[in-house]
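Residue-level structural notes
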Amino acid sequence: MSSPSCEAAAPLARPERFPVAAMLAMAVGGFGIGTGEFVIMGLLPEVAKGLQVNIAQAGRAISAYAAGVMVGAPVLAVLTAKWQRRWLLVAMMLAYALGNFASALAPGYPSLIALRFVAGLPHGTYFGAAALVAAALAPPGRRATSVALVMTGLTAATVVGVPLATWAGEFFGWRAAFALVGCNALAAAWLIQRHVPAQSAPAQGSVLDELSALRLPQVWLTLGVAAIGFGGLFAVFSYIKPTLLHVSHMPQSWVPLTLSLFGMGMVAGNLAGARLADRWLMPSIAGVLVWALAVMALFYWAALWPVTAAAGLFLVGTIGALGVGTQMRLMDVAGKAQSLASALNQSAFNLANALGAWLGGAAIEAGWGWRSTSWVGAALALGGLGMFAACLWTARRESLRA
């Protein structure tokens, strides 16, 4: 096997159509990562009972995973800047499999927290590399759509993977859910090795080139939009099962189907967001943030009844449209630091994951009730709009100065 850092690969010509097998292979990896990230949110009561902690404490495992993504994405992106990207994707999938198999064997609460951190380490680098490969394989004028097709694996996980793993976790025990995720990651590694064409990292892909992204204000502001604006989705979804059971009084048998409605919303938002981003990138980002503010306020009331809660959760999922917009914006403003900037988008979204889960849990522990996560989400959407305004203002100042 050739070394990941030195395998030769000619630049890929842009095809007339999407290379379906390569996109599907990378999407399978995203499917596993999406399932691994979100499934614990549907199994918090089972995890809490099994480890003899309360639900809010079990929610710290969500934050630990997100912290792993935030640390792993920049560190691994810099360290692997000169790796051939197909082998980088394979390596990240193998590492993800190992982290999830280890999580399934965690003997107690402290070890689960540590292992969820470890499992999160390859997440951001995988998606960052997959986004760059997808953009390079895209037909002309379809970069955002191509990236969205790969990310559809992640959003499809919330339709199929999370409900299936949640059912397995309820029936066989929560550890079975992580074992399933590990098996998916092994399958994805094989598919990527077989179907994704060899594509070299850029010739200038050095550590210093990648770190140059950290000097760019537009990179930091775009990351701020993602980290704050997307946090509301996680504030609500992290505690959605007890909200549905104790506020909406939804029968437990309805919960897996309702979680799949959230996933359908994410798929719809991802695809619609890509179409908008290909045409009007910055207006689409602003529009999604305004939509998020409205949806979060609406869910506070929708959560009172089972049917409206299910419909409201679908709308919460559509906020996933923000992801592809910020991904494309980072790739546009990062200059030579494409790998780091692309991976940092995942760090930002997992900071949103940690921030949303932590603030939502804090509101619940303060005695404000399960529905208070909606107002936490609305406040975070408003904060994202503030970061977006700062992004526009700074870009205008830089343009005038130039």
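Preceding this section is the structure that the text describes.
Residues numbered from 1 in each chain as written. Predicted model: local features only at pLDDT ≥ 70, side-chain atom pairs only at ≥ 80, totals over all residues. Heavy atoms only, no water.

**Let's talk about the environment of Pro197**
For Pro197, the position within the fold is in the loop between α9 (174-195) and α10 (207-211). Looking at Pro197, the relative accessible area reads 30%, which means it is partly exposed. Remark: the alpha-carbon pair of Pro197 and Trp83, spanning 114 residues in sequence, is separated by 14 Å. (Helix = DSSP H or I, 4+ residues; strand = E, 2+ residues; numbered from the N terminus. Buried < 20%, exposed > 50% of the residue type's maximum accessible area, 1.4 Å probe, protein only.)

**Considerations on the packing of aromatic side chains**
Scanning all chains against the criterion turns up 14 aromatic pairs. When the ring of Phe38 is compared with that of Phe262, the centres are 6.4 Å apart and the planes differ by 70 degrees; the resulting orientation is edge-to-face. Here Phe262 lies in helix α14 (residues 255-279) and Phe38 lies in helix α1 (residues 20-42), a separation of 224 residues in the sequence. Under the relative-accessibility criterion, Phe38 is labelled buried at 2%. Between Tyr65 and Tyr96, the ring centres sit 6.5 Å apart and the planes meet at 85 degrees, which makes this aromatic pair edge-to-face. With Tyr65 in helix α4 (residues 60-79) and Tyr96 in helix α5 (residues 85-104), the pair connects residues that are 31 residues apart, well separated along the chain. (Phe/Tyr/Trp six-rings, centres within 6.5 Å; stacked < 30°, edge-to-face > 60°.)

**Here we look at the pattern of salt bridges**
Side-chain pairs of opposite charge can arise whenever the charged atoms involved come near each other. According to the stated counting rule, one finds three salt bridges in the structure shown. A salt bridge links Lys241 to Glu46, with the nearest nitrogen and oxygen atoms 3.2 Å apart. Taken together, the residues Lys241 in helix α13 (residues 240-246) and Glu46 in helix α2 (residues 44-51) connect sequence positions 195 residues apart. With its nearest N and O atoms 3.6 Å apart, the salt bridge here joins Glu365 to Arg60. With Glu365 in helix α18 (residues 338-365) and Arg60 in helix α4, this pair connects stretches of sequence that are 305 residues apart. Residues joined in a network through salt bridges with shared partners are Glu46, Glu170 and Lys241. (Salt bridge = Lys/Arg side-chain N within 4 Å of Asp/Glu carboxyl O.)

**What to know about unusual backbone geometry**
Non-glycine residue Gln52 carries a positive phi angle of around 60 degrees. Its place among the elements puts Gln52 in the loop between α2 and α3 (55-58). Of note in this structure, His249 is not a glycine but carries a positive phi near 55 degrees. Considering the arrangement of structural elements, one finds His249 in the loop between α13 and α14.

**Digging into the packing of helix α17 (residues 322-333) against α18**
Packed helix pairs are specified by the crossing angle of their axes together with the interaxial distance, meaning the distance between the axes. In the contact formed by α17 and α18, the axes pass within 9 Å of each other and the chain directions differ by 150 degrees. Relative to α18, α17 is oriented roughly antiparallel. In this structure, α17 meets α18 at a crossing whose hand is right-handed. Of α18, the residues touching α17 (which contributes Leu322, Gly323, Thr326, Gln327, Leu330 and Met331) are Gln338, Ala341, Ser342, Asn345, Gln346 and Phe349. Per-class residue counts for the contact of α17 with α18 are five nonpolar, seven polar and no charged. (Axes fitted to C-alpha atoms, helices over the stretch in contact; angles between N-to-C directions. Parallel < 35°, antiparallel > 145°, perpendicular 65-115°, else oblique. Left-handed = near helix turned anticlockwise from the far one by under 90°. Contact = heavy atoms within 4.5 Å. Nonpolar A, V, L, I, M, F, W, Y, C, P; charged D, E, K, R; others polar.)

**Observations regarding the side chain of Arg371**
Tracing the sequence through the fold places Arg371 in the loop between α18 and α19 (372-401). Here Arg371 sits buried without a salt bridge, and the closest side chain of opposite charge, Glu365, lies 19 Å off (N-O distance). From its side chain, Arg371 meets the backbone oxygen of Tyr300 in a polar contact 2.8 Å long. When sequence neighbours within four positions are dropped, the list of residues in contact with Arg371 reads Val247, Tyr300, Trp301, Ala303 and Leu304. (Lys, Arg positive; Asp, Glu negative; His and termini not counted. Polar contact = N/O pair within 3.5 Å; in protein donor to acceptor, adjacent residues only side chain to side chain.)

**Let's talk about α5**
Given a rise of 1.5 Å per residue, 20 residues ought to cover 28 Å, and the 29 Å separating the end C-alpha atoms of α5 matches this to within 8%. Most of α5 sits out of view: 14 of its 20 residues are buried. The N-capping residue of α5, defined by a side-chain oxygen 3.1 Å from the backbone nitrogen of Arg86, is Gln84. (Expected span 1.5 Å × (residues − 1).)

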